[in-house]
Amino acid sequence: MRLPEGGDATVKSPLLDSEVVHDVLGIGFGPSNLALSIAIEEHNEILPADRRLNALFLERQSRFGWHRGMLIDDATMQVSFLKDLVTLRNPTSDYSFLCFLRERGRLIDFLNQKTLFPLRMEFHEYFEWAAERVSHLVSYGSEVVAVDPVRDDDGQVVLFEVTCRDTARPGASVTRRARNISVAMGLEPHVPPGLDLAERVWHNSELIPRAVRLADTGAPVRRAVVLGAGQSAAEAVDYLHRTFPDAEVCSVFAKYGYTPADDSPFANRIFDPEAVDVYFSAPSEVKQSLLDYHRSTNYSVVDMELIESLYATAYQEKVAGRERLRFLNVSRVRAVDPATDGGLDIAVEFLPTGERQVLPADVLVLATGYRPRDLAPLLGEAAKLCLRDDGDEIRVGRDHRVETAPEVTAGLYLQGGTEHTHGLTSTLLSTVAVRADEIHRSVLAGRTTG
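Residues numbered from 1 in each chain as written. Predicted model: local features only at pLDDT ≥ 70, side-chain atom pairs only at ≥ 80, totals over all residues. Heavy atoms only, no water.

Draft legend 1. Spotlight on the nonpolar core. Of all hydrophobic cores here, the largest spans 38 residues; its most connected members are L34, L85, Y126 and F127. At the level of elements, α1 (31–45), β3 (55–59), α2 (97–104), α4 (120–133) and α12 (432–449) are the ones that each hand at least two residues to this core. For this core, the leading source of residues is α4, giving 6 residues. Setting aside residues up to four positions removed in sequence, F127 forms contacts with P31, L34, F64, W66, L85 and L429. Core analysis: the second largest hydrophobic core is formed by 32 residues, A211, A233, V249 and Y258 among them. (Core = buried A, V, L, I, M, F, W, Y, C linked by side-chain atoms within 4.5 Å. Buried < 20%, exposed > 50% of the residue type's maximum accessible area, 1.4 Å probe, protein only. Helix = DSSP H or I, 4+ residues; strand = E, 2+ residues; numbered from the N terminus. Contact = heavy atoms within 4.5 Å.)

Draft legend 2. Molecular detail of the sheet that holds strand β15 (residues 344–350). One open sheet holds the 3 strands; their spatial order is β14-β15-β16, and the pairing between them is antiparallel. Single-partner strands in this sheet number two, and they are β14 (331–338) and β16 (355–361). Within this sheet the neighbouring strands show an average axis-to-axis angle of 25 degrees, counted without direction. Relative to β16, β15 is paired through 7 bridges, and the arrangement is antiparallel. Within β16, the residue paired with F350 across the bridge is E355. (Pairing = 2+ DSSP bridges. Axes fitted to C-alpha atoms, helices over the stretch in contact; angles between N-to-C directions.)

Draft legend 3. Region of interest: the environment of S331. Note on placement: S331 falls in strand β14. S331 sits in the buried class, given a relative accessible area of 5%. In sequence terms S331 and I439 are 108 residues apart; their C-alpha atoms lie 44 Å from each other. Ignoring anything within four residues of it in the chain, the contact list for S331 reads V252, F253, A254, V348, E349, F350 and L351. Within the structure, S331 has its side chain in polar contact with the backbone oxygen of N329 (distance 2.7 Å). (Polar contact = N/O pair within 3.5 Å; in protein donor to acceptor, adjacent residues only side chain to side chain.)

In short, shape yes, function no, at least from these values alone.
As structure tokens, this is what we get:
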């Protein structure tokens, strides 16, 4: 089989020509693949055309977006701005958050705040700014529906063929080929068993647009219930309490109270790049211990400042004699039924006694976290070439490249869904710049030896 030549993507636009063989084809264009695209762009800027990497990133959305449904106006990042898209890889990069602030004319104003943690909406603006600068590497409105291996005459899998659907033109599809693919599709919302999303039952990832839509209807909101005990749950409780000033907001969780996030300096070292090395090489039982020890840095925990603010609000309301903010602790939602008035009847069980109460409510928000996406349906035949460990998890090398059958020379990289091999940082922003560098270097090394 004769393979098409790669090389300079400027000869023909890779957005239109399915015959181009890309050195890197990214699936998903959130912060992880955005960071990789910048690493490739900066690499290409200093090289002659015949040595550049030909890269393209496919994104289902029509434009860049990152957790838009939770961009609450006063919510701040939980990670330092120095852990942006580039700084830990290249502190001199002009794609940094500080360069973004300088271009926006806000650098001095930001510094005067004396904080490491920007507003979440401002960091999203930074991501959009960076994404626009590399927009020539992105095909928006491209939903990947299949990944298939391509074999040469010797039976070696030398390429992957990626088929994507054009979301703007139903029925239209394009097939592209690549020597390496980087899968960064993010996590999917987790809905607890027995519950289903509906017009009045939302996952917190849709909090703001759903709340705005409900407010625009003019219908009264008497009670909103939030299920969950993590940062997103606490933020949802606070947001709903402020957005619907006449509504009672009930927070339901199985804990006795919100658990403070452990963001102390020593605990935060679990997010250091060196910690990934330690975790990756550790025995499986040590990996599990590290996850158990440090779950309080990320899972089902809340910033102490927000905990104290919610408690103060609840106490002030108690003093005033009008309690709109309620905390139903050591409790679980056991059933959700439609009410005759169009709302919901939510059965909540107090776990120590088993006693149940039914809360008539207008909204139930499931702040119940996210889970890794199952890649098997997407990867199809390519998934059968991925090796798995004793726990049936995909085996991944330190460079984030999936370990595959011997006949596979094409590269498949995972950005996310690798907590079992790379630890807590696999789904977080903490090492996104470093991971992009590691994948970029791995692709270059494969290009040299291939």
